[in-house]
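What follows is the residue order along each chain.
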Amino acid sequence: MQSRVDNPHDHSTGSSSRCRICTANDREALIEELAQALWDSRRGGTLDDVPLDQAGPHWQRIFHEFATSAIELLHPDRG
């Protein structure tokens, strides 16, 4: 059994509902949604205050990599 430190995505805390990561059937759409949310959370008032799909290719790639890494880290099947 992994501890919450090993995998912070843990449903053993008593909640019977499954989260977005567990229920997503379109991984690419989940990555896109998370990348957009991450981008939106830091863009306000910066020179890059545009939607992610209008950001430069570098930033689009970086935020998609962040999202992919987060989902992989938080997935319950992570070993």
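Residue numbers restart at each chain and count upward from 1, following the sequence in its written direction. Confidence filtering applies because this is a predicted model: local features only for residues at pLDDT of at least 70, side-chain atom pairs given and counted only at 80 or more, and all residues used for totals across whole chains, interfaces and linings. By convention in this description, side-chain values take in all heavy atoms of the structure and omit both hydrogens and water.

Asks: What is the right way to look at the confidence of the model for the protein in this model?
Replies: A low pLDDT means the predicted coordinates there should not be read in detail. The score called pLDDT rates the predictor's confidence residue by residue, from a low of 0 to a high of 100. Predicted confidence across the protein gives a mean pLDDT of 79, with 75% of residues reaching 70 or more. Two residues form a contact once any of their heavy atoms are found within 4.5 Å. Taken as a whole, residues 1-5 scores under 50 in pLDDT and shows five contacts with residues more than four places along the chain or in a different chain.

Asks: It is not clear to me how the nonpolar core should be interpreted in this structure. Could you clarify?
Replies: Most often, soluble globular proteins keep nonpolar side chains buried together rather than apart. By size, the foremost hydrophobic cluster in this structure holds 11 residues: Ile21, Leu30, Ile31, Ala35, Trp39, Leu52, Ala55, Ile62, Phe63, Ala67 and Ile71. To qualify as a helix, a DSSP run of H or I must reach at least 4 residues; to qualify as a strand, a run of E must reach at least 2; elements of each kind are numbered from the N terminus. Where this core is concerned, the elements lending two or more residues are α2 (27-43) and α3 (57-74). With sequence-adjacent residues up to four places away left out, Leu30 is seen in contact with Arg20, Ile21, Ala24 and Ile71. Take the buried Ala, Val, Leu, Ile, Met, Phe, Trp, Tyr and Cys residues and link them wherever side-chain atoms come within 4.5 Å; each set so joined is a nonpolar core. For each residue, the accessible area found with a 1.4 Å probe, counting protein chains only, is set against the maximum for its type, and the residue is called buried under 20%, exposed over 50%, and partly exposed in between.

Asks: Mind showing me how you'd approach α2 here?
Replies: For the α-helix, the turn length of 3.6 residues means that residues three or four positions removed from each other point alike. Taking 1.5 Å of rise per residue, 17 residues should cover 24 Å, and α2 covers 24 Å from first to last C-alpha, within 8% of that figure. Tucked inside the fold, the buried residues of α2 contact α1 (20-23) and α3. Two residues or fewer after α2 comes Gly45, characterised by a positive phi angle close to 75°. Under the convention used throughout, the expected extent of a helix is 1.5 Å for every residue step, that is, one less than its residue count.

Asks: Just checking my understanding: could you explain the packing of α2 against α3 for this structure?
Replies: Axis angle and axis distance: for two packed helices, these are the angle between their axes and the distance between the axes, and together they describe the pair. One way to put it is that α2 packs onto α3 with a least axis distance of 8 Å and a crossing angle of 115°. Viewed along their axes, α2 and α3 form a crossing whose handedness is right-handed. When α2 is examined against α3, the residues Arg27, Leu30, Ile31, Glu32, Leu34, Ala35, Leu38, Trp39 and Arg42 are found in contact with a partner set consisting of Trp59, Phe63, His64, Phe66, Ala67, Thr68, Ala70, Ile71 and Glu72. Looking at side-chain class alone, the contact of α2 with α3 contains 12 nonpolar, two polar and four charged residues. For helices, the fitted axis covers only the stretch in contact; all axes are lines through C-alpha atoms, and the angles between them, taken along N-to-C directions, range from 0 to 180 degrees. Put simply, a crossing is left-handed when the front helix is turned counterclockwise from the back one by less than a right angle, and right-handed when it is turned clockwise. Three categories are distinguished: nonpolar for Ala, Val, Leu, Ile, Met, Phe, Trp, Tyr, Cys and Pro, charged for Asp, Glu, Lys and Arg, and polar for the others, with Gly belonging to the last.

Asks: Help me understand a negative patch on the surface, please; the structure alone is not making it clear to me.
Replies: Patches draw on residues past 30% relative accessible area with no salt bridge. Two like charges within 9 Å are joined, as are two nonpolar side chains (Val, Leu, Ile, Met, Phe, Trp, Tyr) within 5 Å. Shrake-Rupley sampling with a 1.4 Å probe provides the accessible areas, and residues are treated as covered by the protein chains on show and by no other component. Take a side-chain nitrogen of Lys or Arg and a carboxyl oxygen of Asp or Glu: if they are within 4 Å of each other, that pair is a salt bridge. Positive: Lys, Arg. Negative: Asp, Glu. His and the chain ends are not part of the count. To locate a charge, take NZ of a lysine, CZ of an arginine, CG of an aspartate or CD of a glutamate. On the surface, a cluster of negative charge is made up of Asp26, Glu28, Glu32 and Asp53. Among the secondary structure elements, Asp26 is positioned in the loop between α1 and α2. The partly exposed category is assigned to Asp26, whose relative accessible area is 42%.

Asks: Teacher, can you tell me more about α3 here?
Replies: Here α3 is 18 residues long and its end C-alpha atoms lie 26 Å apart, about the 26 Å a rise of 1.5 Å per residue gives. Listed as buried for α3 are Ile62, Phe63, Ala67 and Ile71. Down the axis of α3, the buried side of the element spans an arc of 165°, and every buried residue falls inside it. Considering only its buried residues, α3 is in contact with α2. What the arc covers is the set of directions going from the helix axis to the C-beta atoms.

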